[in-house]
Amino acid sequence: QVQLVESGGGLVQAGGSLRLSCAASGSTFSINAMRWHRQAPGKQREWVATIPSSGSTLYADSVKGRFTISRDNAKNTVYLQMNSLKPEDTAVYYCNALSKYGRTYWGQGTQVTVSS
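The sections below set out a description of the structure shown in this document.

Regarding its fold elements, the protein presents 0 helices and 11 strands. Along the protein, helices and strands appear, N-terminal first, in the series β-β-β-β-β-β-β-β-β-β-β. In summary, the protein has a C-alpha radius of gyration of 13 Å against a globular reference of 13 Å for 116 residues, a match within 12%. Counting only C-alpha atoms, the protein reaches 40 × 25 × 25 Å along its principal axes. Buried residues in the protein amount to 43% of all 116 residues. Long-range contacts, defined as pairs at least 24 residues apart, comprise 53% of the intrachain contacts of the protein with a sequence gap of at least 6. Accessible surface computed for the protein: about 6000 Å², of which carbon and sulfur atoms make up 48%. Separation between the mean location of the 12 positive side-chain charges and that of the 6 negative ones in the protein comes to 6 Å.

Next up on the list: the environment of Gln1. Its location among the elements puts Gln1 in the segment before strand E1 (2-7). Separated by 71 residues in sequence, Gln1 and Asp72 have C-alpha atoms that sit 20 Å apart. Sequence-distant contacts of Gln1, that is, excluding residues within four places in its chain, are made with Ser25, Gly26, Ser27, Arg103 and Tyr105.

Counted by the stated rule, this structure contains 1 disulfide. The residue that forms a disulfide with Cys22 is Cys95, at a sulfur-sulfur distance of 2.0 Å. With the S-S dihedral at roughly -80°, the linkage between Cys22 and Cys95 falls on the left-handed side. Separated by 73 residues along the polypeptide, Cys22 in strand E3 (residues 18-26) and Cys95 in strand E9 (residues 91-99) bring together distant segments of the chain. The two residues Cys22 and Cys95 agree in class, both being buried.

So, about the packing of aromatic side chains. Taken as a whole and assessed by the stated rule, the structure comprises 1 aromatic pair. Its guanidinium or amino end placed over the ring of Tyr94, Arg45 lies 3.7 Å from that ring's centre, counting from NZ or CZ. Cation over ring: Arg45 sits above Trp106, and NZ or CZ is 4.6 Å from the ring centre.

The next thing to look at is the nonpolar core. Among soluble globular proteins, nonpolar side chains are generally buried collectively. Leu4, Met34, Trp36, Leu80, Met82 and Tyr93 are the most contacted members of the largest nonpolar core, which has 30 residues in total. Looking at this core, the elements with two or more residues in it are E1, E3, strand E4 (31-39), strand E5 (46-52), strand E7 (67-72), strand E8 (77-82), E9 and strand E11 (110-115).

Now for the pairing of E1. Burial along E1 is one-sided: Val2, Leu4 and Glu6 are buried, and none of Gln3, Val5 and Ser7, which face the opposite way, are. Taken together, the 6 bridges between E1 and E3 define a ladder with antiparallel strand orientation. Bridged to Val2 within E3 is Gly26.

Rules behind the numbers
Residues numbered from 1 in each chain as written. Predicted model: local features only at pLDDT ≥ 70, side-chain atom pairs only at ≥ 80, totals over all residues. Heavy atoms only, no water. Helix = DSSP H or I, 4+ residues; strand = E, 2+ residues; numbered from the N terminus. Rg over C-alpha atoms; globule rule 2.2 N^0.38 Å. Buried < 20%, exposed > 50% of the residue type's maximum accessible area, 1.4 Å probe, protein only. Contact = heavy atoms within 4.5 Å. Areas by Shrake-Rupley, 256 points an atom, 1.4 Å probe, with all protein chains shown as cover. Lys, Arg positive; Asp, Glu negative; His and termini not counted. Charge placed at Lys NZ, Arg CZ, Asp CG, Glu CD. Disulfide = S-S within 2.5 Å. Phe/Tyr/Trp six-rings, centres within 6.5 Å; stacked < 30°, edge-to-face > 60°. Lys NZ or Arg CZ within 6 Å of the ring centre and 35° of its normal. Core = buried A, V, L, I, M, F, W, Y, C linked by side-chain atoms within 4.5 Å. Pairing = 2+ DSSP bridges.

Printed below as a string of structure tokens:
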């Protein structure tokens, strides 16, 4: 089992920045990739970014050039640096872990609100 705890959400003005954190615990050795997703009110959850255990990071077109996903393996933590935030980035942001055994784990989410 893997447990994920997100933090770092909050209220920010358009053009501002936030950094989200996702701390993993449990069977972290089994994690192949970590991802961030988000879900805006009344919309489906959407993928934002992926950082694999090896290889290049991937981003949704809507955040490319503004968001950066990174990881600190020593702390079992993944980050999402969000710059140039827009009101349409307002959502609950979820951390997600994909294990090499085919299992998926989710955190509880952290709210990001961008005011115009």
